[in-house]
Every structure is written in structure tokens, then in C-alpha cells.
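Below, each chain spelled out in residue letters.
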Amino acid sequence: MSNIFRRDFLKTSAAVIAAAAAGGPLAGCAKKSGRTVRKDGKMVMKVTPIELKMRHTFTISGFSRDVTPSILVSITYDGVTGYGEGGLPPYMIGQTHETVQKFLSKVDMSQFSDPFRLDDILTYVDRIEEGFTCAKSAIDIALHDLIGKLLGVPIWQWFGYTASKSPNTSYTIGIDTEEVVRQKTKEAAPYNLVKVKLGIDEVTDKKLIETVRSVTGKPLLVDANQGWKTKESALDMIHWLSECGVLMIEQPMPKTVFDDMAWITERSPLPTFADESCQRLRDVPRLHGVFNGINIKLIKCSGLYEARKMIAAAEALGMKTMVGCTTETSCAVSAAAQLSPQMDFADLDGNLLIANDRFDGMKIVDGKITLNDRPGIGVVPLKTEN
Ligand code: MG
């Protein structure tokens, strides 16, 4: 997009965001349980730091790890407990258990006596301090889970979605040796979509795709994680990938490179998706014309409440949507899955990449996200302390 066009566009962006918000992300809710919900109780929040063990050492462009910290939040109200979580991948968030716990210690939920006041509560939490979207998301998810349980409805249903419209999830393969990539591609057999992390250099990237292709002919998603250096070489690579059965390309260039990215998108044979370039609602309008779509992750955008506004904004702008996650338990992944019926792509495999899940939740059946009918985000804690 040219600078002049982008400037004109930004004038209308506030109106798009206002329209998205006015539509109301949480319209319509039926009280199915017949349970009388108190509106004068106290909410008690509990915070638990946990460490998730990776099944394989996970490498993407620039980073490698065996464990990922995460933070669990539970909110109990009127004898009912809602669960939430925010993963803390070091390369994405820059937060630790300590910094996040310090932020959460500033949250005073006792001032609210009604968990249904999501807008008031989440606006208060958001304004405590800039950033900490992972911790804010954990609170947002716990509140949604609590509300769903109090009403006796799954959150996807409360949102008005049709569960059967959930897409296939992709299964992610990190950057690794040929032998490990081949092995991981074999492990991806139950999935219908494989996501390949690229972004090293042209020779290595092409070799990775060829290695994956030596095992499977399934459609691929590609995530370059900002790794490509020039618009010309990125476009050449995208053309090559489009001939290899790749369906879309995520974040080819560094997150603040907009003009070159718009140049690529204009010429790209594959839809381009913003991940690192797209954090919160305010980013969506300025990505129009730069990318074809956005990858929404709850830990980036502060949770389901804002994610729904981002979906509405993207739809108003004619952009595609994708929901992703990080290395998290079935708690945060099941929360993100509540949005999946509305999305073009879903990359919800974070719980499958860990060896010590803490929850039973959303399942992948024949490669497809399969939402259950449990109230809230549909999770049950597992009796394990590993
Ligand atoms: Mg990504």
C-alpha cells in the first residue's frame, strides 16, 4: 500500500474498530442450565506458575527450547471455578513467571461482584499496565470459562458459532536436522495440514520443504517467522512454495516492514498472514493492504473478548483470519478453539507438543478441531502434578 493510501485508510480505521465493537462480541446468551446466578458474590483469583515439557526440542528461526513456562489462573465465584492460561514463550512475550506474577498481584478482582461485566473487568485489567497480554488473556479465559459454567453453555455456543464448522488444525514442524524433520513429518500422519517453520536461508528452507515432501503430499502452511531478508527473494520463495502445495505464508518479513510486505502481498500467488505484525485490535486496520489475513493468538491480544473484535474488524476489511496458539496446555488451546468455527485456518497444536498436559479439553478427530459440549471452554483439570 502506498503511504498516501495508507494514510487515507487510517482515517477510516477508527470507524472500523468502532463498528466491530458496536456489533458486540458477545451478543446473545441463553440460560440453559436453569441455575440462578448470583450477581453479588466475590470472585477469588488463584495464580499457578507451571513449566511445560516439550516432546521434542522446538526450534524456529532464531530460537530453540525444551521447556516453556506458562501461567494458570483460576477464578472461583459462587462455588464455580473458571480456568484460564497464558503461555510465556520467551521469544514472543519477553515475560517470566516472576514478572507475570508481579503484574497479576496488582489485579484486585474483589472490587467486582459480577463476572458477567466482562467489559468493565477486562478494561480495568488492561489499564493496570501496558503489555502483559499473556496474563490478561489468562484472566479473560478464566472469566469466559466461569461465565459459560454459570450459564451451563459452551462458549462457542454463547458466541453463536456452529461447532461443526471448525477447520482442520495444522501440526507444526520446527526447524531441525533432515532426520528429525522426516521423523516429525511421519508423526504428523493423523493431521490433514502440516505447518513448516522456515526463515533460515533459501538453500536450507528449500531443503526443509523437500524433506517434508519426501514423506507427505499433504497441503502445507509455511511460517517464516520474520526470517526472510529482501522482498525480491521472499517473493521468489513464495512462488517456489506455491508450486509445492503450500496454501499460505505467514510473516515472511520482519514485523515492522510494511511497504515491502505490501509489495509482496500485491504480487504473491499465496495469501499472506500477519503474525508478529499483528498483536492487538489496533493493529488490524493498518495491516489492510499489507497482508491478506491475520493470525490471532490469545496471548498476543489479551484474550477472547478482544479476539472477537479483531475477527469482526478483519471481516469488515475483507481480510482472512487464522487462530493460533503457543506451547500451552489444553486449557488455553481449548479456549482458542472456541473461535475456530469462524476462522479460515487454525494452528492449534500447542498442547500436542507437550508431554505434561494439565487438562482434558478440545480434541483433534481425523485432523479436525472437535469442540465438546461441556460448559465454558470445555476443559476438566487432570489429576497430575507432573
Ligand atoms: Mg507464526
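Refer to the structure presented above.
Keep in mind that what you see is a predicted model, and the values were worked out from it rather than measured.

Draft legend 1. Just unusual backbone geometry, in detail. Its identity is not glycine, yet phenylalanine 132 carries a phi of approximately 55°, on the positive side. Within the secondary structure, phenylalanine 132 sits in the loop between helix H4 (118–128) and helix H5 (133–151). If you check the backbone angles, asparagine 225 has positive phi at about 45° while not being a glycine. Within the secondary structure layout, asparagine 225 lies in the loop between strand S6 (220–223) and helix H9 (231–242). For asparagine 225, a count of 22 C-beta atoms within 10 Å gives the class buried.

Draft legend 2. Structural view of the nonpolar core. Of all hydrophobic cores here, the largest spans 108 residues; its most connected members are Ile294, Met310 and Ala336. A per-element tally of this core places H5 first, with 11 residues. Counting contributing residues per domain, this core is built from domain 1 (44–152) and domain 2 (157–381), each supplying no fewer than three. Not counting residues up to four positions away in its chain, the partners in contact with isoleucine 294 are Phe273, Ala274, Cys278, Val284, Leu287, Met310, Ala314, Met319 and Thr321.

Draft legend 3. Looking closely at the pairing of strand S7 (residues 246–250). Burial of S7 is extensive: four of the five residues sit out of reach of the surface. Sheet topology note: the S6/S7 ladder contains four bridges and is parallel. Within the sheet, the bridge partner assigned to valine 222 lies in S7 and is isoleucine 249. Chirality of the crossover, the property in question, places the unit of S6, H9 and S7 among those that are right-handed. Pairing of S7 with strand S8 (residues 272–274), which is carried by two bridges, proceeds in the parallel orientation. Of the residues in S8, the one forming a bridge with glutamate 250 is phenylalanine 273.

Draft legend 4. Spatial organisation of the environment of glycine 131. Tracing the backbone shows glycine 131 in the loop between H4 and H5. The partly exposed category is assigned to glycine 131, around which 14 C-beta atoms lie within 10 Å. On a C-alpha basis, the gap between glycine 131 and cysteine 301 in space is 9.6 Å, while along the polypeptide they are 170 residues apart.

Draft legend 5. Quick peek at H4. Of all the residues in H4, the buried ones are Ile121, Leu122 and Val125. When H4 is viewed along its axis, its buried side chains cluster within an angular range of 90° and face the same direction. The exposed set on the far side of H4, more than 90 degrees from its buried face, consists of Asp120, Thr123 and Arg127. Its buried side turned inward, H4 meets H5 and helix H13 (304–316).

Draft legend 6. Highlighting the sheet that holds strand S11 (residues 345–347). Pairing in this open sheet of eight strands is parallel, and the strands run S4-S5-S6-S7-S8-S9-S10-S11 from one edge to the other. The sheet is open, and its two edges are formed by strand S4 (170–173) and S11, each paired on a single side. Averaged over neighbouring strand pairs, the angle between their axes works out to 25° when direction is ignored. Each of strand S9 (293–297) and strand S10 (320–324) touches H13; the most contacted strand, S9, lies at about 175° to it.

Conventions we followed
- Residues numbered from 1 in each chain as written.
- Predicted model: local features only at pLDDT ≥ 70, side-chain atom pairs only at ≥ 80, totals over all residues.
- Helix = DSSP H or I, 4+ residues; strand = E, 2+ residues; numbered from the N terminus.
- Buried ≥ 20, exposed ≤ 12 C-beta atoms within 10 Å, placed from the backbone.
- Core = buried A, V, L, I, M, F, W, Y, C linked by C-beta atoms within 7 Å.
- Domains from an automatic or database assignment.
- Contact = placed C-beta atoms within 7 Å.
- Pairing = 2+ DSSP bridges.
- Right-handed = clockwise from strand over helix to strand, strands pointing away.
- Arc of directions from axis to C-beta.
- Axes fitted to C-alpha atoms, helices over the stretch in contact; angles between N-to-C directions.

No statement about biological role is implied by the geometric values presented.
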